[in-house]
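# What the coordinates show
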Amino acid sequence: MSGNHAGIVRTRAGELCGTRQNQVWRFAGVPYAAPPVGPRRFRPPEPHPGWDGVRPALDFGPIAPQTTNPLETMLMGGEVPQSEDCLTLNVWTPGLDDAERPVMVWVHGGGNVMGSGRFPVYDGATFAARGDVVCVTFNYRLGELGYLHLDHLDDRFAGSANHAVLDQVLALEWVRDEIAAFGGDPDNVTVFGESAGAMSIGVLAGMDRADGLFRRAILQSGAAANVHERDVAIAVADRVLDDLALSSVDDVVEADLADLMRARTKAVDEARKLTGVLGALPFQPVVDGVVVDRHPLEALRAGAAAGLPMLVGTNADEWKMFDLSSPTPASEESVRADLARALGADRVDEALAAYREVHPDADHAGLRSAMMTDAVFRMPAVDLAEARIGTGEDVWSYLFTWQSPAMGGMLGSCHALELPFVFRTIGLPAASLLLGGEEPPWALSEAIQDAWIAFARTGDPSHPNLPAWPRHDLDERPTMELGSTCGVISDHAAATRRLWRS
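Residues numbered from 1 in each chain as written. Predicted model: local features only at pLDDT ≥ 70, side-chain atom pairs only at ≥ 80, totals over all residues. Heavy atoms only, no water.

## Considerations on the pattern of salt bridges
Close approach of charged atoms allows side chains of opposite charge to pair. Enumeration according to the criterion identifies 28 salt bridges in this entry. Arginine 356 is paired through a salt bridge with glutamate 332; the nearest N and O atoms lie 3.3 Å apart. Placement of the pair is arginine 356 in helix α13 (residues 348-358) and glutamate 332 in helix α12 (residues 332-343), with a sequence separation of 24 residues. By relative accessible area, glutamate 332 is classed as partly exposed at 27%. By sharing partners, the salt bridges in this structure join Asp97, Arg101, Asp132 and Arg457 into a single network. (Salt bridge = Lys/Arg side-chain N within 4 Å of Asp/Glu carboxyl O. Helix = DSSP H or I, 4+ residues; strand = E, 2+ residues; numbered from the N terminus. Buried < 20%, exposed > 50% of the residue type's maximum accessible area, 1.4 Å probe, protein only.)

If you want it as structure tokens, here you go:
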């Protein structure tokens, strides 16, 4: 490293020039991989070949190709460029020195088909300034480009269904190799992510390839359940190829990107039909025997990621966000049908009784939301916590319960609502869409961010501005409620947990 007063950092690929604002350095749009374009499409990532001279790292790079709706565009702060050449990362650091600060690496969510590391809500400056940590966000390939299974058509493309996972591994390897030049400690890395990002962390934790790349993990609204078996991945890929009248992998490599993305809706239908899973994702990591050897939960139960503390949690009303786009209102019949599909037709009355016990004031929409929240988010988190505790690992659990007043209170404590609290970006215009127009609850945001920082520093989220936070166990099942009030609750919603367990 040289010339740090001018914001110049030397990496293996070349020199970078960053910017400084409010006592934090930012290096944006840093390439960590060679562009996955042309003949490198559907190929595993490789380190960037480097550049001559000083490369400006002043602006964020393009995001991975994706379709967006008006809400997502507003959350991104407006239209942003998209490109298949998207494998870049961003670094925020308090100092370009040898301080060996804890490093926090964010894995964004978005159902594996949207999102990026450049969302305004994910501004890492807040972590760097408040916590004296180095924060990194990055992009990875999405949708077909990151998860399309092509092994069965051409063995030259073995592992193609997990190229997004390999992108994530390569980004973490970049952190291991380069972050010391940015004032970070490569031996003290915490990965944290939400939704599909947390699901990716669950996969990474069970992979030999990612062993040693991070010391701690925070999983928000995602666990270790979201992988496809090969037969499902093959069927989804064949559905995409059939829909586009493509007959070979070479055709796929050369296909128009817009055509590939238009086939996504039918891929969703195929995934849900084959898996029978409520809320199934069409594109997600695959147990292919090449990159991912076995189901991540199985690997973790067998002792993978030994010595890796985890902080695992969900939001109280995850599914209310998705219910807003439901084409039909909930009814007694639709709730019973969903319960039958998830738990079996012979258990519907038992399930309804359990949900009405836990949610006595809920209408049909509320019951459906509670059931889907459990099926897609809460119970996979319970599975992960139980797997880790069963092998003697340290787990802390949280439940985010703050209720948004936006949209007349329809969002409740919905999916992704905790994100601006974690990053302490609740004052941004993009965050106000989720939080409503009232004064943001800064004290809660600070308490949550301080817990994440404490965990990154010590492996324990406890800090003076929260009540004592015990490790999770399988007797009392203590969970920290993070909401209008904060405190430890025991065995949250025990009746519905037992329902799924029985």
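## Re the nonpolar core
Judged by nonpolar contacts, the single largest core of 91 residues is most densely connected at Phe27, Tyr32 and Phe182. If one sorts the elements of this core by residue count, helix α4 (residues 163-178) sits on top with nine residues. With residues near it in sequence (within four places) discarded, phenylalanine 182 still touches Val9, Thr11, Leu16, Phe27, Val91, Thr93, Gly95, Leu96, Val134 and Trp174. With 42 residues, the next largest nonpolar core counts Tyr398, Leu417, Ala456 and Met480 among its residues. (Core = buried A, V, L, I, M, F, W, Y, C linked by side-chain atoms within 4.5 Å. Contact = heavy atoms within 4.5 Å.)

## Considerations on the packing of α13 against helix α14 (residues 364-390)
Working note: a packed helix pair is described by the angle between its axes plus the distance between those axes. Orientation of α13 relative to α14, taken along the N-to-C sense of each, is 100°, at an axis distance of 10 Å. Viewed along their axes, α13 and α14 adopt a mutual orientation that is roughly perpendicular. In contact with Leu352, Tyr355 and Arg356 of α13, α14 contributes Leu367, Ala370, Met371 and Asp374. By residue class, the composition of the contact of α13 with α14 is five nonpolar, no polar and two charged. (Axes fitted to C-alpha atoms, helices over the stretch in contact; angles between N-to-C directions. Parallel < 35°, antiparallel > 145°, perpendicular 65-115°, else oblique. Nonpolar A, V, L, I, M, F, W, Y, C, P; charged D, E, K, R; others polar.)

## Focus: the environment of cysteine 414
Relative to the assigned elements, cysteine 414 resides in the loop between β14 (395-400) and α15 (419-422). Judged by relative accessible area, which is 0%, cysteine 414 ranks as buried. Distance from cysteine 414 to aspartate 317, taken between C-alpha atoms, is 4.7 Å for residues 97 residues apart in sequence.

## Description of the side chain of histidine 48
Along the chain, the position of histidine 48 falls in the loop between β4 (24-31) and β5 (54-56). Within the local environment of histidine 48, its side chain forms a polar contact with the backbone nitrogen of glycine 50, the two atoms lying 3.0 Å apart. Non-local contacts of histidine 48, meaning those with residues more than four positions away in its chain, are made with Ala13, Pro31, Tyr32, Ala33, Ala34 and Pro35. (Polar contact = N/O pair within 3.5 Å; in protein donor to acceptor, adjacent residues only side chain to side chain.)

## Examining the sheet that holds strand β10 (residues 216-220)
In spatial order, the strands read β3-β4-β6-β8-β7-β9-β10-β13-β14-β15-β16; together these eleven strands make up an open sheet with mixed pairing. Each of the sheet's edge strands pairs with one partner strand only, and the pair in question is β3 (19-21) and β16 (486-490). This sheet shows a mean twist of 25° between the axes of neighbouring strands, independent of strand direction. Both strand β13 (residues 310-315) and β14 contribute to a ladder of six bridges, which runs parallel. (Pairing = 2+ DSSP bridges.)

## Focus on the pairing of strand β6 (residues 88-93)
Counting buried positions along β6 gives six out of six residues, so the element sits mostly inside the fold. Here four bridges tie β6 to strand β8 (residues 134-138), and the two strands are oriented antiparallel to one another. Counted as the bridge partner of tryptophan 92 is cysteine 135 from β8.

## Section: unusual backbone geometry
You will see that asparagine 112, though not glycine, has its phi angle at about 65°, which is positive. Within the secondary structure, asparagine 112 sits in the loop between β7 (101-107) and α2 (125-131).

## Concerning the environment of valine 232
With respect to the element layout, valine 232 can be found in helix α6 (residues 230-244). Taking the C-alpha atoms as reference, valine 232 lies 7.3 Å from threonine 275; in sequence the two are 43 residues apart. Excluding its chain neighbours within four sequence positions, the residues that come into contact with valine 232 are Leu274 and Thr275.

## Points about the sheet that holds β5
Spatially, the three strands line up as an open sheet ordered β1-β2-β5, and their pairing is mixed. At either end of the open sheet lies a strand with only one pairing partner, and these are β1 (8-11) and β5. Averaged over all pairs of adjacent strands, the angle between strand axes in this sheet comes to 35°, irrespective of strand direction. One ladder, built from four bridges, connects β1 with strand β2 (residues 14-17); its direction is antiparallel. Following the sheet pairing, valine 9 is matched in β2 by leucine 16.

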